[in-house]
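Observations on chain architecture
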Amino acid sequence: MLLSGHAVPPVTALSSTPSPSSRVPPAVKGLSLVSLFNDFASEMVYPLLPAFVTGTLGGGAALLGLLDGAADLTSAVLKVVSGRLADRPRWRGPLILVGYATAMLVRPLIAVAGAAWQVVGFRVVDRVGKGLRTPPRDALIAGITPPELRGRAFGFHRAADHFGAVVGSLAAWYLLTRGVEVRRVIEWSVLPGLVAFVVLAAVLRGARAVPEAAPEPGAPARDPGGRVFWAPVVALTALSFFRLPEALLLLRLQDAGVAVAQVPLVWAGLHVVRSASSYPGGWLSDRVGPRVTVAAGGLLFAAVVAALGTRLGPSLAVVTFLSLGLVAGLTESAERALVARLAPVRTGRGFGLYHALTGAAALPAGLLFGGIYQTAGGPAALVASAAGMAVAVAGWLVASPRIRERIAV
């Protein structure tokens, strides 16, 4: 069983420390609602970017890889800083608020881009907001949730986030089928973003500090600086590196004959699967631990991407693509719950380092796989991603048992 007793740093929370139960704390539900509306806005835009960049603005697959990679790298750098600041209780609320506000204001500006490089710039600034808000938000969720429920708490949050993506993608699809131009669809994303910001302001208004809990007898006060923390986080970074950028996966669907107007609908379907599998994935992580669930998610990703690298018709390509949603359900909650347990002291810094490293891997990965896609074709890029992921899963299985043994009681 994973370690349950630990020292919890003071956090800014929406309620007092939750009593032991099987229910997700109310504060987590409030933050989940915010993420739902924010992803509503984000996913009105993101699935349209491959067609917008390569079609309307004349960019190529390599630029799409740069788009994802540069945005995630920027976010990753900021997560280190915001993670450290998040360990100061009074900074968590403002960081979360400013992070969501930045995304809300910048995202619709992609509509005014006149060149592909401008889309990259706007996307980078959009991810500045993500870099500011993610570590303090995840640290807050970890701090107000009992250790034995963290998989489910993060699963509930991820489910709401992905459900927002479903609604956003469907909204984009509906507008496109009604003849609305891509630029106008991007502009409309300001509305759900504004709702997210208003809801967040209301949620944070009643925030109050949760007192620091004393460590249980015999519980080690681990800090995100030793081998216990770094080994699995480096292994998770390797897994992130070999995940083919989603923009290239969407481009692969178009190569398989899926119409551009249908891409938002397929993207919505992906997030239906992600939303439906997130809470069960968190429950599984609470039961069997992150080692099994993360490994299963990595192997599933490798299998699905390898299948997409073969010659598939539009319908079969869509069905195969949708199964990728199960990967998020297996990995996202498990990874966050593990980080919270590995860094019970300075939890914000722990989440900042985790998100920074996994995010930083996206830029070289985007450039590598985008370059392979453009020069050798989509199948070559997908097969390379699948092979690399299989090797990374083996690395994860080597690193994770030692970590589990050392944090077990």
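For the structure given in this document, a descriptive report is provided here.

So, the overall build of the protein
- Secondary structure summary: the protein contains 17 helices and 2 strands in total.
- Looking at the protein as a whole, 58% of its 409 residues are labelled buried.
- Sequence-distant contacts in the protein: of pairs separated by 6 or more residues, those separated by 24 or more amount to 87%.
- Total accessible area on the protein is roughly 15,300 Å²; 67% of this is exposed by carbon and sulfur atoms.

Points about helix α12 (residues 290–308)
- The terminal C-alpha atoms of α12 lie 27 Å apart, and with 19 residues this matches the ideal 27 Å at 1.5 Å per residue to within 8%.
- Of the positions making up α12, those classed as buried are Pro290, Thr293, Val294, Ala295, Gly297, Gly298, Phe301, Ala302, Val304, Val305 and Leu308.

Remarks on the nonpolar core
- Within the largest apolar cluster, 82 residues are counted, with the highest numbers of intra-cluster contacts made by Phe321 and Leu324.
- Element by element, the count of residues in this core is highest for helix α17 (residues 378–407), at 8 residues.
- Filtering out sequence-adjacent residues up to four positions away, Leu324 remains in contact with Leu249, Leu270, Phe301, Val304, Val305 and Leu308.
- Among the nonpolar cores identified, the runner-up in size contains 8 residues, and Phe40, Ala172, Leu176 and Val185 belong to it.

What about the environment of Leu248?
- For Leu248, the position within the fold is in helix α10 (residues 246–255).
- Assessed through its relative accessible area of 0%, Leu248 is described here as buried.
- Between the C-alpha atoms of Leu248 and Leu382, which are 134 residues apart in sequence, the distance is 9.2 Å.

Regarding the side chain of Ser189
- If you trace the backbone, Ser189 turns up in the loop between α7 (182–188) and α8 (190–205).
- The exposure class assigned to Ser189 is buried, which follows from its relative accessible area of 1%.
- Leave out the neighbours within four places in its chain, and Ser189 touches Ala41, Met44, Val45, Arg107 and Pro108.

Some points on the packing of aromatic side chains
- Under the criterion given, the structure shown has 6 aromatic pairs.
- A ring pair is formed by Phe241 and Phe242, whose centres lie 4.9 Å apart and whose planes are at 90 degrees; its orientation type is edge-to-face.
- Residue classification places Phe242 among the partly exposed residues on the basis of a relative accessible area of 23%.
- Between Phe241 and Phe369, the ring centres sit 6.4 Å apart and the planes meet at 50 degrees, which makes this aromatic pair tilted.

Side note on helix α16 (residues 362–376)
- Compared with the 21 Å implied by 1.5 Å per residue over 15 residues, the 20 Å span of α16 between its first and last C-alpha is a close match.
- Among the residues making up α16, those that are buried are Ala362, Leu363, Ala365, Gly366, Phe369, Gly370 and Tyr373. The arc that holds the buried residues of α16, viewed along the axis, is 155 degrees, so those residues lie on one side. Set apart from the buried face of α16 by more than 90 degrees, the exposed residues are Thr375 and Ala376.

Conventions used here
Residues numbered from 1 in each chain as written. Predicted model: local features only at pLDDT ≥ 70, side-chain atom pairs only at ≥ 80, totals over all residues. Heavy atoms only, no water. Helix = DSSP H or I, 4+ residues; strand = E, 2+ residues; numbered from the N terminus. Buried < 20%, exposed > 50% of the residue type's maximum accessible area, 1.4 Å probe, protein only. Contact = heavy atoms within 4.5 Å. Areas by Shrake-Rupley, 256 points an atom, 1.4 Å probe, with all protein chains shown as cover. Expected span 1.5 Å × (residues − 1). Core = buried A, V, L, I, M, F, W, Y, C linked by side-chain atoms within 4.5 Å. Phe/Tyr/Trp six-rings, centres within 6.5 Å; stacked < 30°, edge-to-face > 60°. Arc of directions from axis to C-beta.

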